[in-house]
2 protein chains.
Amino acid sequence: MRVKPGERRRRPTIHDVARVAGVSRGTVSRVLNGGHYVSPAAAEAVNAAIRKTGYVVNRHARSLITGRTGSAAFLLTEPQEKFFEDPNFNVLLRGCTEALAAHDIPLLLMLAGTVEEQRRIVRYVGSGHVDGVLLISSRAGSPVAEQLVKAGVPVVICGTPQLTGIRLAHVAADDRDGARTMVRHLLSVGRRRVGIVTGPLDTPGGVERLAGYREVLAEAGLRYEPELVATGDYSRDSGARAAAELLARRPDLDALFVASDLMAQGALAALADAGRRVPDDVAVGGFDDSAAAVAARPALTTVRQPWDRISAEMVRLLLAQIEGQDTSAVILPTELVRRESA
Amino acid sequence: MRVKPGERRRRPTIHDVARVAGVSRGTVSRVLNGGHYVSPAAAEAVNAAIRKTGYVVNRHARSLITGRTGSAAFLLTEPQEKFFEDPNFNVLLRGCTEALAAHDIPLLLMLAGTVEEQRRIVRYVGSGHVDGVLLISSRAGSPVAEQLVKAGVPVVICGTPQLTGIRLAHVAADDRDGARTMVRHLLSVGRRRVGIVTGPLDTPGGVERLAGYREVLAEAGLRYEPELVATGDYSRDSGARAAAELLARRPDLDALFVASDLMAQGALAALADAGRRVPDDVAVGGFDDSAAAVAARPALTTVRQPWDRISAEMVRLLLAQIEGQDTSAVILPTELVRRESA
DNA sequence: TTCTCTACTGTGAACGCTCACAGCCGAGCC
DNA sequence: GGCTCGGCTGTGAGCGTTCACAGTAGAGAA
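All values derive from a computational prediction rather than experimental measurement. (Residues numbered from 1 in each chain as written. Chains lettered and ligands numbered in written order. Predicted model: local features only at pLDDT ≥ 70, side-chain atom pairs only at ≥ 80, totals over all residues.)

Draft legend 1. Spotlight on the pairing of strand E4 (residues 155-158) of chain B. All names here are of chain B. The two faces of E4 match: Val155 and Ile157 on one face and Val156 and Cys158 on the other face are all buried. Alignment of strand E3 (residues 132-136) against E4, held across 4 bridges, turns out to be parallel. Following the sheet pairing, valine 133 is matched in E4 by valine 155. Here 2 bridges tie E4 to strand E5 (residues 170-173), and the two strands are oriented parallel to one another. Bridge assignment links isoleucine 157 to a residue of E5, and that residue is histidine 170. (Buried ≥ 20, exposed ≤ 12 C-beta atoms within 10 Å, placed from the backbone. Helix = DSSP H or I, 4+ residues; strand = E, 2+ residues; numbered from the N terminus. Pairing = 2+ DSSP bridges.)

Draft legend 2. A look at the protein's contact with DNA strand C. Around DNA strand C, the surrounding shell holds 26 residues, and the nearest of these are Thr13, Ile14 and Ala61 of chain A together with Gly26 and Ala42 of chain B. Considering each element in turn, the surface near DNA strand C owes the most residues, 5 residues, to helix H4 (residues 59-66) of chain A. (Near = placed C-beta within 6 Å.)

Draft legend 3. Spotlight on the interface of chain A and chain B. Opposite the 46 residues of chain A that make contact, chain B presents 46 residues. Going through the elements one at a time, H4, helix H5 (80-84), helix H6 (87-101), strand E2 (107-111) and helix H7 (115-129) of chain A are the ones with two or more residues in the side of chain A that touches chain B. With 8 residues, H7 of chain A is the largest single contributor of residues to the side of chain A that touches chain B. Along the lines of polarity and charge, the residues of the side of chain A that touches chain B split into 20 nonpolar, 15 polar and 11 charged. (Contact = placed C-beta atoms within 7 Å. Nonpolar A, V, L, I, M, F, W, Y, C, P; charged D, E, K, R; others polar.)

Draft legend 4. Representation of the protein's contact with DNA strand D in the model. Around DNA strand D there are 26 residues in total, and Gly26 and Ala42 of chain A together with Ile14, Ser29 and Ala61 of chain B lie nearest to it. The element contributing the most residues to the surface near DNA strand D is helix H4 (residues 59-66) of chain B, with 5 residues. Broken down by class, the residue content of the surface near DNA strand D amounts to 12 nonpolar, 10 polar and 4 charged.

Draft legend 5. The arrangement of the relation of the copies chain A and chain B in detail. When chain A is fitted onto chain B, the two copies agree to an RMSD of 0.1 Å after a turn of 180° and an axial shift of 0.0 Å. The superposition of one copy onto the other is thereby described by a two-fold rotation axis. In this assembly the copies share their binding face: 98% of the residues contributing to the interface of chain A also contribute to that of chain B. (Least-squares fit on C-alpha atoms with pLDDT ≥ 70 in both.)

Draft legend 6. Geometry of helix H3 (residues 40-53) of chain A. Residues and elements named next belong to chain A. The end-to-end C-alpha distance of H3, which contains 14 residues, comes to 20 Å, matching closely the 20 Å that a straight helix rising 1.5 Å per residue would cover. Of all the residues in H3, the buried ones are Ala45, Val46, Ala49 and Ile50. For H3, the angular spread of buried residues about the axis comes to 140°, placing them on one side. Looking at H3, the residues exposed on the side facing more than 90 degrees away from the buried face are Pro40, Ala41 and Arg51. Where H3 is buried, its residues touch helix H1 (14-21) and helix H2 (25-32). Just downstream of H3 lies glycine 54, where phi reads positive at about 70°. (Expected span 1.5 Å × (residues − 1). Arc of directions from axis to C-beta.)

Draft legend 7. Up close: the sheet that holds strand E6 (residues 194-198) of chain A. All names here are of chain A. Spatially, the 4 strands line up as an open sheet ordered E7-E6-E8-E9, and their pairing is parallel. Unpaired on one side and paired on the other, strand E7 (229-231) and strand E9 (283-285) mark the two borders of the sheet. Across this sheet, the average inter-strand angle for adjacent strands is 15°, counted without regard to direction. Strand direction decides the pairing type here: E6 and E7, joined by 3 bridges, are parallel. When the sheet's bridge partners are listed, valine 197 is paired in E7 with alanine 230. (Axes fitted to C-alpha atoms, helices over the stretch in contact; angles between N-to-C directions.)

Draft legend 8. Main features of helix H14 (residues 307-322) of chain A. Residues and elements named next belong to chain A. The terminal C-alpha atoms of H14 lie 22 Å apart, and with 16 residues this matches the ideal 22 Å at 1.5 Å per residue to within 8%. When H14 is considered as a whole, its buried residues turn out to be Trp307, Ile310, Ser311, Glu313, Met314, Val315, Leu317, Leu318, Leu319 and Gln321. Along its buried surface, H14 packs onto strand E1 (72-76), H6, strand E3 (132-136), strand E4 (155-158), strand E5 (170-173) and strand E11 (330-332). One or two steps after H14, the chain reaches glycine 324, where phi turns positive at roughly 90°.

Draft legend 9. Looking closely at the UniProt feature "domain: HTH lacI-type" (unreviewed entry) in chain A. UniProt marks residues 12-66 of chain A with the feature "domain: HTH lacI-type" (unreviewed entry), using the numbering shown here. Helix makes up 69% of residues 12-66 of chain A and strand 0%. Its end C-alpha atoms lie 21 Å apart. (UniProt positions renumbered as here; feature names shortened; annotations may be inferred.)

Draft legend 10. Highlighting the packing of helix H1 (residues 14-21) of chain B against helix H3 (residues 40-53) of chain B. Residue and element names in this part refer to chain B. Close contact between H1 and H3 brings their axes to 8 Å; oriented N to C, the two are set at 120°. In this view, H1 runs oblique relative to H3, as classed from their interaxial angle. For the pair H1 and H3, the crossing hand works out as right-handed. Residues Asp16, Val17, Val20 and Ala21 of H1 form the contact with H3, whose participating residues are Ala45, Val46, Ala48, Ala49, Ile50, Lys52 and Thr53. Across the contact of H1 with H3, the residue classes break down as 8 nonpolar, 1 polar and 2 charged. (Parallel < 35°, antiparallel > 145°, perpendicular 65-115°, else oblique. Left-handed = near helix turned anticlockwise from the far one by under 90°.)

Draft legend 11. Representation of the sheet that holds strand E9 (residues 283-285) of chain B within the structure. Residues and elements named next belong to chain B. Pairing is parallel across the open sheet formed by 4 strands, whose spatial order is E7-E6-E8-E9. The two strands at the open ends of the sheet, each matched to only one other strand, are strand E7 (229-231) and E9. Put simply, the sheet's adjacent strands are angled 15° from each other on average, direction ignored.

Draft legend 12. Region of the structure containing the environment of arginine 304 of chain A. Structurally, arginine 304 of chain A is set in strand E10 (residues 302-304). For the pair formed by arginine 304 of chain A and aspartate 289 of chain A, sequence separation is 15 residues and the distance between their alpha carbons is 4.6 Å.

Draft legend 13. Quick look at the environment of threonine 114 of chain A. All names here are of chain A. Relative to the assigned elements, threonine 114 resides in the loop between E2 and H7. Among the residues examined, threonine 114 registers 15 C-beta atoms within 10 Å and is labelled partly exposed. In sequence terms threonine 114 and alanine 169 are 55 residues apart; their C-alpha atoms lie 24 Å from each other.

Draft legend 14. How the structure looks around the nonpolar core. In this structure, Leu134 of chain A together with Leu134 of chain B are the most contacted members of the largest nonpolar core, which totals 100 residues. Those residues in contact with leucine 134 of chain A, other than ones at most four positions away along the chain, are Ala72, Ala73, Phe74, Leu75, Cys96, Val156, Cys158, Met314 and Leu318 of chain A. (Core = buried A, V, L, I, M, F, W, Y, C linked by C-beta atoms within 7 Å.)

Draft legend 15. Inspection of unusual backbone geometry at higher detail. At the junction of valine 278 of chain B and proline 279 of chain B, the peptide bond is cis and its omega measures out at 5° in the coordinates. Looking at the element boundaries, proline 279 of chain B is found in the loop between helix H12 (261-273) and E9. The omega torsion of the bond from arginine 297 of chain B to proline 298 of chain B falls at -5°, within 30 degrees of zero and hence cis. Relative to the helices and strands, proline 298 of chain B resides in the loop between helix H13 (291-295) and strand E10 (302-304). The residue tyrosine 234 of chain A is not glycine, and still its phi comes out positive at about 75°. Tracing the chain through its elements places tyrosine 234 of chain A in the loop between E7 and helix H11 (236-249).

Right under this line is the structure:
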């Protein structure tokens, strides 16, 4: 609508501003970049000229010389739906957006759910369109990370990356310790037949939480029984299915550690269907402390992942990398949140 | 991680490729842009040199001269949560992503829920970082659209924009006609006391669907009763509240037209709570034909919004605008989808 | 042979900005 | 007065591309 080909008139450049303000390009540029070494009179004239001409910097020209774009990407390498319905995701995205906003850096959400989209995005990002990438993926070691790092793009991963040849900066909660804390809690309230619904076992989070569970059983002198283990995919439905399965295998179950709040919601439903009271008959512990934990009935006792700190650390590491610093991984502690379910 | 300041070696440029391939910059550039007027031998040498050097174009340099970036934005001007839980949103996003992918254009999702973020994003987009913007907002006439258009950025809006001074390209379903179709259907199955749960009345969609409802009542010789009208905000809960309210006011209600499937889900729950059978006691019609319609019990009879065509048209208009063409608005027809609820 | 035409190639000039440098001016010090 | 020094300013170069243009060589027609 509007704007015909020819009509699209040339946007004012720094030259135009300089001419209108009666100063040189250099002075305009200095005003644009902090205003140091500029006399008040000149600064005033430049600002007036900018308003008058409607000047906006051409970021391409600027980026060409500075090598910076002033933006960052939040890259999802799995199908969007999976994330959008995940309560943790929204918290993380908001946290990262705000942390970057403090540096006046816009965050661009990019979706690369298919291999073809991944190629497109890697090419796009690799050719310099953002200063860095926050990579989100439950299978955190996806080849995308490697490709980006090889292309020289600063990358920080959320979660623990799968083992790869190169070291990858990442920020994660201490999954194993969180699981230990929860299982210890379940034992401390007198439970002995503790089942677990794990996340996918091809993800670090899935593996680590199971490992924590096993460690605590061992330390309490309890036997590890594969019969008490079922696996879900972090969705509510899978939690319900897994819980029903455990209940069928071991009707005498008296506690359940579910590796995500969303799955725990499903598990609560399955327990209710089976006529079990929570926490009286079966104590249930979740993981995440997401909105789902509070919404659940009964409200979930869970392990809090410090999403605010995770997003803050991710942004901190990314900015440091952009500055050319060497960054390392950050593992953050979790915290037990007691509610009604255990 | 890795990449120390000095270590960040200069990326190969088109010069390097030219030197390695033993040709000129011009020839390399031609290979990069379609390969016309390049001899097979030269093309081969250039491609080999690109592989050898690991060359990737610098998009800033390219954009500086072409004025294009090869990317587009999907801009949300309302809080993310609102969209992420909306089943329509995912369909629309996916459709736009795919339509643009056919042109090898990556789509960047930008969130501008707060006024401050809107400023940041408008500045970012206005300074040339994307070729065009697909603007999504229920209150489609938000100032963001005007600002972008004034900054010379191609914009296509999803939905009907509020009245503003400037004409805005947009794509929308024919809300009023869809509403008419649904209400006619409810009357055709013998209902006479038809209530309506509208969307917010400060949005075009909310207003238009109500208008369609009134038109059909008039055409059927029925009186319009404000008592039969309640307003929601497109959320499930608001649908339940509105339906309960209508039921309290008019217990003899025999049909309900709910302006979104999600609200209709809520309405179904409220009707069930009130002991009404659907469709026997009360026929219920939704709007959208989203995933919620199929998931509802009973499955919703609804009005299908052609999201696939909407996204395709949005992209078509945007690309046309980017080419400098004048584009107009597109209104697409809806379709009645009969299921169990009416 | 000469001329034209086509396919291809190289070169200089942008694009709009930042950066380094050099220069200017006036104040303060010797 | 001469010197230094700091604040401020203008200028030229260059970032890595694309684009327009000029130019070359070889094939085919006249």
